Amino acid sequence: MVSMGLSLFVLGMAVICLLAAPAMVWGRKVKVSRQIVIYGLPAAMLLTILTLWLGRGELDRFFIHEIVLSFGLAPVVAVGTVLGLAFWAAAGAVFAAFCPGKPAFLLAACLGLAGTGISFFEFLLSVRAGALAGCCCYALVWLLGCMGLALPRKKVMPDPGTAETGTVMQERVLPAGFLLLLSEPFKGGKLPVPAGEELRMGRDAAYCHLIMDLPEMPPCLCGVRWLEQRNTYLITCYADDGLLYEDGQPLPVNCSVEAKPGQTFFCGPTGQALFQTG
């Protein structure tokens, strides 16, 4: 009888181990397997705890009467083993619920395989329904744990707030707006216009950033801002007839007008080209 039971035990454990292969294939191939493992594993462990609690009388009798007599263990060791199964099942359920990952899946796989073997061995010796139910619950934990171990690493999705194309990234690292200077001695130079700042030009260094030593140049001719969101420029003229459009029309004094990139502006008193928006 013992030899037959041992043979059935070895055969049953071999079948359980072989079932792990389809579970691992499922974990790698099926899209919903991650959700099944994350939610199913804690549920299976809780079901195992419930089965242990409902069948605690059968487990007590099995360990005390069968294991103690067969292997010479002390009754306190047998009872501790029963309590240990419940403790590890509870710990595994909490671990899998709050920290689903490879360590939790490995713990579940080990716990499921050990519990399946013990429950199945009890069922062979005692032929009790509680032992069979415990065996099924532990087998489910074992399969889900193996499935979890086979899950591919979760892809880290880029943050929508920082995900940008190469073109946008290139725009971010380049200078903000800029002016192409058309008058001497700065002709051909590019003057950056950072977003949120006004670049002023004129004759007086107390008011202006760019000093232009030209005939009849006012102390402060104009100010230029770059509107980052619109990619346009805000031009403010501070002198009467000091700044002209390409068609010769003067810009209104102390009023801001919006200009697109590529527009050229001229000095009113001399008619000389001053700058072009970039």
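Let me begin by describing the structure that accompanies this report. (Residues numbered from 1 in each chain as written. Predicted model: local features only at pLDDT ≥ 70, side-chain atom pairs only at ≥ 80, totals over all residues. Heavy atoms only, no water.)

### Remarks on the sheet that holds strand 3 (residues 198-202)
Okay, step 1: Strand order across the open sheet formed by five strands is 4-3-5-6-8, with mixed pairing between neighbours. Each edge of the open sheet carries a strand with a single partner, namely strand 4 (210-211) and strand 8 (256-259).
Okay, step 2: In this structure, strand 6 (residues 232-237) lies alongside strand 8, joined through four bridges in antiparallel fashion. Directly across from L234, in strand 8, lies its bridge partner E258. (Pairing = 2+ DSSP bridges. Helix = DSSP H or I, 4+ residues; strand = E, 2+ residues; numbered from the N terminus.)

### Re the state of the cysteines
Okay, step 1: Evaluated as defined, the whole model comprises zero disulfides.
Okay, step 2: The cysteine C237 is free of any disulfide, with C222 supplying the nearest cysteine sulfur at 6.8 Å.
Okay, step 3: Exposure remark for C237: the relative accessible area of 0% places this residue in the buried category. (Disulfide = S-S within 2.5 Å. Buried < 20%, exposed > 50% of the residue type's maximum accessible area, 1.4 Å probe, protein only.)

### A few points about the sheet that holds strand 10 (residues 273-277)
Okay, step 1: Within the open sheet, the five strands sit side by side as 2-1-10-9-7. Their pairing is antiparallel. The open sheet has two free edges, formed respectively by strand 2 (190-193) and strand 7 (243-244), since each of these has just one partner strand.
Okay, step 2: As paired strands, strand 7 and strand 9 (residues 264-267) are joined by two bridges and run antiparallel to one another. Considered in strand 9, the bridge of L244 is made with F266.

Everything listed here is a matter of geometry and, on its own, says nothing about what the molecule does.
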